[in-house]
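# Observations on the model geometry
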Amino acid sequence: MSGLIDYQGIKISLSGKLILDIDHLAVKAHQCTLVTGQNGSGKTTLFKIMSGLLRPDSIQVDYQGLQMSWKQAKPLLQRDIIYLHQQPYLFDASVADNVAYGLYRRGESKNSVQKKVCQALDWANLSHLAQRHAKQLSGGEKQRVALTRARILAPSLLLLDEPTASMDNEAKQQTAHLLQRLKEEGVCVVISSHESHTVDHLADHHLCIEHGKITVIEPVKKSAKVAVLNHAKNTL
Ligand SMILES: Nc1ncnc2c1ncn2[C@@H]1O[C@H](COP(=O)(O)OP(=O)(O)OP(=O)(O)O)[C@@H](O)[C@H]1O
Ligand SMILES: [Mg+2]
């Protein structure tokens, strides 16, 4: 199994408090990882660092065969990794325009964008909402639009922060179904969740953040057995 990206020596303090102190985090290609941890344990902070959105106090990144400092890695992380927020922000526009946005920004032609958006909405079973204003959507629909908007950009890695939070059962199942399809397509996904039962069947690995460190819990599909702690090599 090939490695996609390696993060080493991730350290960050916020308001004088040490939030994360992770020796090594290796993301394998085509794998799905579940990250759990109590409220405030640092899941969102970790995802923001991994996607180049938040500068840690220290880090080294190995990506595409190069060892990089934060400054060197940041633009590549922002280009290739998509972080999906707990409450995704949608633009004040139609669902189709929201999904199209990233492709237009990349300079793709109108024809190509329209074709891809059509296929993507079909993939997510959202075609019937294409012209609906994004602000009128339910929470579950918004999350699925945001997921579609992220997938259409074919990121190397998708970081999903609580993708099923505040959803009813039906919306959770619909989102879990989309995540299953992403996994089948070989998209590398890391999911944080307090509701691991909704997504744990998708996960190849399960990590838990405790006291700023990562604990690896395996095997994934059986109940928790703490295998590796703190200074050991952590593998996503
Ligand atoms: N900008 C900030 N300034 C100071 N402290 C912060 C900041 N952002 C986050 N924190 C603190 O860092 C810790 C980790 O926060 P984070 O949002 O990463 O946790 P989380 O695991 O995602 O929590 P939740 O499960 O509630 O989403 C918390 O104690 C939080 O209060
Ligand atoms: Mg969070």
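Residues numbered from 1 in each chain as written. Chains lettered and ligands numbered in written order. Predicted model: local features only at pLDDT ≥ 70, side-chain atom pairs only at ≥ 80, totals over all residues.

### Focus: the overall build of the protein chain
To keep things clear, this is the line we draw: Note on conventions: DSSP H or I runs of at least 4 residues are helices, E runs of at least 2 residues are strands, and numbering of each starts at the N terminus. What the globule rule says is 2.2 Å times the number of residues to the power 0.38, and the radius of gyration is computed from C-alpha atoms. Exposure in this text rests on C-beta crowding, where 20 or more other C-beta atoms within 10 Å of a residue's own make it buried, 12 or fewer make it exposed, and counts in between make it partly exposed. The C-beta atoms are placed from the backbone.
A tally of helices and strands in the protein chain yields 7 helices and 12 strands. For the protein chain, the C-alpha radius of gyration of 18 Å lies close to 18 Å, the compact-globule estimate for 236 residues. With the principal axes as the frame, the protein chain shows a C-alpha extent of 50 × 40 × 40 Å. Going through the 236 residues of the protein chain one by one, you find that 39% of them count as buried.

### Some words on helix H5 (residues 139–151)
What counts here: The length a helix should cover is 1.5 Å for every residue beyond the first. Two residues qualify as a contact pair if the distance between their C-beta atoms, derived from the backbone, is within 7 Å.
Compared with an ideal rise of 1.5 Å per residue, which puts 13 residues at 18 Å, H5 spans 18 Å between its outermost C-alpha atoms and is within 8% of the ideal. What H5 keeps buried is the set Lys142, Gln143, Arg144, Val145, Ala146, Leu147, Thr148, Arg149, Ala150 and Arg151. Contact partners of the buried residues in H5: strand S6 (81–84), helix H3 (95–105), helix H4 (110–123), strand S7 (157–161) and helix H6 (169–184).

### Quick word on the nonpolar core
As a reminder, the rule being used: Take the buried Ala, Val, Leu, Ile, Met, Phe, Trp, Tyr and Cys residues, join any whose C-beta atoms are within 7 Å, and the set you get is a nonpolar core.
Counting 59 residues, the largest nonpolar core has Ile10, Leu84, Val99, Leu157, Leu158, Leu159 and Val189 as the members making the most contacts within it. Not counting chain neighbours up to four residues away, the residues in contact with Val189 comprise Cys32, Leu158, Leu160, Leu179, Leu182 and Lys183.

### A look at the confidence of the model for the protein chain
The following threshold applies: The pLDDT value tells you how sure the predictor is about a given residue, anywhere from 0 up to 100.
Looking at the protein chain, the pLDDT average stands at 89 and 92% of residues meet or exceed 70. By mean pLDDT, the top-scoring element of the protein chain is strand S4 (residues 58–63) (98), and the lowest-scoring one is strand S11 (residues 226–228) (36). Within the model, pLDDT remains below 50 along residues 222–233, and this stretch shows 14 contacts once partners closer than five positions in the same chain are excluded.

### Regarding the site of ligand 1
Definition in use: Any residue whose C-beta atom, as set from the backbone, lies within 6 Å of a molecule or strand is reported as near that molecule or strand. Any residue that is not Ala, Val, Leu, Ile, Met, Phe, Trp, Tyr, Cys, Pro, Asp, Glu, Lys or Arg is counted as polar, Gly included; the first ten are nonpolar and the last four charged.
Taken together, the residues surrounding ligand 1 are Leu14, Ser15, Ile19, Gly37, Asn39, Gly40, Ser41, Gly42, Lys43, Thr44 and Thr45. When residues in the shell around ligand 1 are grouped by element, the largest group, 3 residues, is from helix H1 (residues 43–50). Counted by class, the shell around ligand 1 contains 2 nonpolar, 8 polar and 1 charged residues.

### Overview of the pairing of strand S10 (residues 213–217)
Rule in force here: Here, any two strands with at least 2 DSSP bridges between them count as paired.
Strand direction decides the pairing type here: strand S9 (residues 205–210) and S10, joined by 5 bridges, are antiparallel. Paired with Leu207 across the two strands is Val216, which belongs to S10.

### A short note on the environment of Gln31
With respect to the secondary-structure elements, Gln31 resides in the loop between strand S2 (17–28) and strand S3 (32–36). Judged by the 20 C-beta atoms lying within 10 Å of it, Gln31 falls in the buried class. Sequence spacing of Gln31 and Gly3 is 28 residues, and the spatial spacing of their C-alpha atoms is 9.9 Å.

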